[in-house]
Amino acid sequence: MRNLRYVSDFSDFHQVFSATLGKMATVQNRFADIVGNLDWNADFDSCEIAFGDQIYKIQLIGSESDVSDTWLWGFANQSGLSPEATAFSHEILRAGREWGLQAFSEPSFELDEMFNGHNLSIAACGAAGENLCYYGCEHDKGCAFVAIMDAPASVFEPLGAHEFVKIASDCIQDFDVDHKIFIKSFLEFNGVKFDENIEKGGFFKKAKDEIVAKFDKELLIKFDDKGRISGFKYEF
């Protein structure tokens, strides 16, 4: 698993999710554009998924059950899958035990708004030491989430500032994240250096909390007194 340098407490799923969301929102959008609405066919014997004539290597992350309304990690799946098919999920288990992160180490638990197949796959694939995305294979009893092991390199290319702001804005609107961990980790994934300026306020001085990201032109990201993003400023 990769070093999530802006996470201070790895046992806190909220922090891990915040650190991985920007990257995964980017790669998931791009992979969705590639496969479009093509039908899928997954084969866990060969560890492959086909979208028309596109074939990718996969490993099982875990699965949602509509019957029991629970999540089951791939490492706990008892359906006779090969070691290759569940290898990535065992990496997740090892990380969960090392980090004290129960969401990664507990074999099965009830689904809710935070702990669901998409959010767990975002955190797992985003924390991986290699470039992964995921796909949800829906079936009549739930959904199996698989890691795409060999997605095209274009999926992981850096973003321009305009697309970065759009994805960041969508993420903080749609998800509960730690904004500082989210934006710093997202910039790091994108290979963009940044400076952080924090100044305490006083009677005659307004407090300052901002990040200056070094795109081709500087992107100013301002934060309010609760550490939440209050605005982006860039000369588009």
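Visitor: Is there a simple way to think about the overall build of the protein chain in this case?
Guide: A count of helices and strands for the protein chain gives 6 helices and 11 strands. Seen along its three principal axes, the alpha-carbon backbone of the protein chain occupies a region of about 70 × 35 × 30 Å. Evaluated residue by residue, the protein chain yields a buried proportion of 49% over its 236 residues. Put simply, 57% of the contacts in the protein chain that link residues at least 6 apart link residues at least 24 apart.

Visitor: What should I look at first to understand helix H6 (residues 179-189) in this one?
Guide: Since the α-helix advances by 3.6 residues per turn, residues separated by three or four positions end up pointing in the same direction. Across the 11 residues that make up H6, a large majority, 10, are buried. Along H6, the residues classified as buried are His179, Lys180, Ile181, Phe182, Ile183, Lys184, Ser185, Phe186, Leu187 and Phe189. For H6, the elements touching its buried residues are helix H1 (13-35), helix H5 (161-174), strand S8 (194-199), strand S9 (208-214), strand S10 (218-223) and strand S11 (229-233). In this structure aspartate 178 caps H6, since a side-chain oxygen of it lies 3.1 Å from the backbone nitrogen of lysine 180. Immediately downstream of H6, the backbone of glycine 191 shows phi near 70 degrees, a positive value.

Visitor: How should I be thinking about the side chain of asparagine 116 in this particular structure?
Guide: Mapped onto the fold, asparagine 116 is located in the loop between strand S5 (108-110) and helix H4 (117-127). Not counting the four nearest positions on each side in its chain, asparagine 116 is found in contact with Glu64 and Leu111.

About the cut-offs
Residues numbered from 1 in each chain as written. Predicted model: local features only at pLDDT ≥ 70, side-chain atom pairs only at ≥ 80, totals over all residues. Heavy atoms only, no water. Helix = DSSP H or I, 4+ residues; strand = E, 2+ residues; numbered from the N terminus. Buried < 20%, exposed > 50% of the residue type's maximum accessible area, 1.4 Å probe, protein only. Contact = heavy atoms within 4.5 Å. Polar contact = N/O pair within 3.5 Å; in protein donor to acceptor, adjacent residues only side chain to side chain.

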